[in-house]
Amino acid sequence: MGTVLLYDIDGTLVTTDGGARQALLDTIIAHYGDDAGFDFGFGGMTDRGIFRRGLVQRGVAVEEDLLDRLIADYLPRLESVLARAAVHRLLPGALEMVRASVGWSGVVAGLGTGNVEAGARMKLRPFAVDALLPFGGFGCDAELRAELIAAGHRRGAARLGLPVEQTRLVVVGDTVHDIEAARANGGVTLAVATGRTSHEALVAGGAEVVVHRLDDVGAIAALARLC
Ligand SMILES: [Mg+2]
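Residues numbered from 1 in each chain as written. Predicted model: local features only at pLDDT ≥ 70, side-chain atom pairs only at ≥ 80, totals over all residues. Heavy atoms only, no water.

**With respect to the domain arrangement of the protein**
When its domains are assigned, the protein resolves into domain 1 (2–16 + 88–226) and domain 2 (19–84). The gap between the C-alpha centroids of domain 1 and domain 2 is 24 Å. Listed by partner, the interface residues are 17 residues for domain 1 and 16 residues for domain 2. The tally of links between domain 1 and domain 2 comes to two salt bridges. Note that R48 and E143 form a salt bridge whose closest N and O atoms lie 3.9 Å from each other. Within the residue set of the side of domain 1 that touches domain 2, elements represented by two or more residues are α5 (117–124) and α7 (145–160). With four residues, the top contributor of residues to the side of domain 1 that touches domain 2 is α5. Looking at the side of domain 1 that touches domain 2, its residues break down into five nonpolar, eight polar and four charged. (Domains from an automatic or database assignment. Contact = heavy atoms within 4.5 Å. Salt bridge = Lys/Arg side-chain N within 4 Å of Asp/Glu carboxyl O. Helix = DSSP H or I, 4+ residues; strand = E, 2+ residues; numbered from the N terminus. Nonpolar A, V, L, I, M, F, W, Y, C, P; charged D, E, K, R; others polar.)

**A closer look at helix α8 (residues 176–184)**
Those residues of α8 not exposed but buried are D178, I179, A181 and A182. Taken end-on, α8 shows its buried residues confined to a sector of 165°, consistent with a single buried face. On its buried face, α8 is in contact with α7, β6 (167–173), β7 (188–192) and α9 (199–204). Where α8 begins, the side chain of T175 points an oxygen toward the backbone nitrogen of H177, at a separation of 3.2 Å. At the exit of α8 stands G186, carrying a positive phi of roughly 75°. (Buried < 20%, exposed > 50% of the residue type's maximum accessible area, 1.4 Å probe, protein only. Arc of directions from axis to C-beta. Polar contact = N/O pair within 3.5 Å; in protein donor to acceptor, adjacent residues only side chain to side chain.)

**Topic: the packing of helix α3 (residues 64–84) against α5**
At a minimum axis separation of 10 Å, α3 and α5 run at an interaxial angle of 5°. What the angle tells us is that α3 and α5 run roughly parallel. Seen from α3, the contacting residues are Y74, L75, L78, E79 and L82; seen from α5, they are A118, G119, M122 and K123. Per-class residue counts for the contact of α3 with α5 are six nonpolar, one polar and two charged. (Axes fitted to C-alpha atoms, helices over the stretch in contact; angles between N-to-C directions. Parallel < 35°, antiparallel > 145°, perpendicular 65-115°, else oblique.)

**A word on the pattern of salt bridges**
Scanning all chains against the criterion turns up 15 salt bridges. Of the charged contacts, one joins E143 and R52 as a salt bridge, the two residues approaching to 2.5 Å between their closest N and O atoms. In this pair, E143 sits in the loop between β5 (136–137) and α7 while R52 sits in helix α2 (residues 47–58), placing the two residues 91 residues apart along the sequence. For E143, a relative accessible area of 25% puts it in the partly exposed group. With a relative accessible area of 23%, R52 lands in the partly exposed category. R69 is paired through a salt bridge with D65; the nearest N and O atoms lie 3.5 Å apart. Highlighted residues: R69 and D65, both in helix α3, separated by four residues, approximately one helical turn.

**What about the coordination of the magnesium ion?**
Surrounding the magnesium ion are the protein donor atoms D8 (OD), D10 (O) and D174 (OD), at 2.1 to 2.2 Å. Coordination of the magnesium ion draws on donor residues from a single chain, spaced D-x1-D-x163-D in sequence. Here D10, found in the loop between β1 (2–7) and β2 (14–15), pairs with D174, found in the loop between β6 and α8; they are 164 residues apart in sequence, far enough to count as distant. On the basis of relative accessible area, D10 is assigned to the partly exposed category, the value being 28%. Its relative accessible area of 5% is what places D174 among the buried residues. (Donors = N, O, S within 2.8 Å, 3.2 Å for Na, K, Ca; no water.)

This is the structure we're talking about:
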């Protein structure tokens, strides 16, 4: 057996304190003049899923190439927001947890995020965790989170040289969507309440382990037990 460990980004490893959300809203405003329809929480959703839901709520006919164009327009806006953002930072304990987990025998660590891969790398590039998480499942693999987690799981299993069925899946994330996507793939979750979902809601969502922050005493040991 081996273990594929996938880390979510937003609210789990890093925060942009709303900067990434604003870059996405700015994209919509640039195309449509306002951001009506996008008044919902983006946490745990894929980039494509966010654009689709908001456009449907605006009554826009959603075609796949429209979503492609909006995502292509969003990425440079995200890059400039991140370059300016004083609040683009690693969350407490994220680097320590990733550093510990990449050293565990039989474990490969990567990303499981609704960001398209280019956006994911933009968010992580300033930080040492980026190079430690070289593969993953991304928002450009699938619009549904369970499917992008499956893609990350397959890539991790390939790195281990094992069939997917002979690997455990462990997800670290900050929303109920992360928990449900792990479970849909037979995996377990360490959930962290540094995003917009409360500790209580993550417990109710069925995460195997819930911590307030990744630097909680015992959090790394709890993740090691899941792996
Ligand atoms: Mg998240």
